[in-house]
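Reading the structure
Residues per chain are reported as follows:
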Amino acid sequence: MATTWEYATVPLIIHATKAILDQWGADGWELVQVIQGPDAGLVAYLKRPKGA
């Protein structure tokens, strides 16, 4: 059976990027991509298996 994923988008505060990503990682989220957001900030896209 294929894995079902849940996704999250998280705005990144430039001076706390590592702390933000470490916290989400500790909660089981995997970083997929970081892109420039619409307001010139960074946005992280994360995923984890559903039910994790």
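Above this text you will find the structure in question.
The structure reproduced in this document is the subject of the present report. Keep in mind it's a predicted model, so treat the numbers as computed, not measured. Residue indices follow the written sequence of each chain, beginning from 1 at its first position. Under the rules for a predicted model, residues below a pLDDT of 70 receive no local features and side-chain atom pairs below 80 are neither given nor counted, while totals for whole chains, interfaces and linings still include all residues. Values shown for side chains rest on all heavy atoms present in the structure; no hydrogens or waters enter the calculation.

**Focus: the overall build of the protein**
Strands are runs of DSSP state E lasting at least 2 residues, helices are runs of H or I lasting at least 4, and numbering of each runs from the N terminus. The secondary structure content of the protein amounts to 1 helix and 3 strands. Reading the helices (α) and strands (β) of the protein from amino to carboxyl end gives β-α-β-β. The principal-axis extents of the C-alpha atoms in the protein amount to approximately 40 × 20 × 10 Å. Categorising residues by exposure relies on relative accessible area from a 1.4 Å probe, with only protein chains included: less than 20% of the type maximum marks a residue as buried, more than 50% marks it as exposed, and the intermediate range marks it as partly exposed. Evaluated residue by residue, the protein yields a buried proportion of 21% over its 52 residues. Across the protein, the fraction of contacts at a sequence separation of at least 24, relative to all contacts at a separation of at least 6, is 43%. Accessible surface, the protein: about 3,900 Å² in total, of which carbon and sulfur atoms supply 59%. Neither His nor the chain termini are counted; the positive set is Lys and Arg, and the negative set is Asp and Glu. To locate a charge, the coordinates of NZ of Lys, CZ of Arg, CG of Asp or CD of Glu are taken. Computed over 4 positive and 5 negative side-chain charges, the separation of the two mean positions in the protein equals 6 Å. Residue contacts are defined here by distance: any two heavy atoms, one from each residue, within 4.5 Å place the two residues in contact. Computed with a 1.4 Å probe, the accessible areas rest on the Shrake-Rupley method; for each residue, only the protein chains presented here act as cover.

**Here's the deal with the side chain of Lys47**
Mapped onto the elements, Lys47 comes out in strand β3 (residues 42–49). Whenever Lys or Arg places a side-chain nitrogen within 4 Å of a carboxyl oxygen from Asp or Glu, that contact is recorded as a salt bridge. Of the side chains bearing the opposite charge, Glu30 lies closest to the buried Lys47, which forms no salt bridge; the N-O distance is 4.8 Å. For Lys47, the contacting residues outside a window of four places in its chain are Trp5, Glu6, Tyr7, Gly28, Trp29, Glu30 and Val32.

**Focus on the environment of Pro38**
Mapped onto the elements, Pro38 comes out in the loop between β2 (30–36) and β3. Judged by its relative accessible area of 87%, Pro38 falls in the exposed class. Each C-alpha atom, one on Pro38 and one on Glu6, is 23 Å from the other, the two residues being 32 residues apart in sequence.

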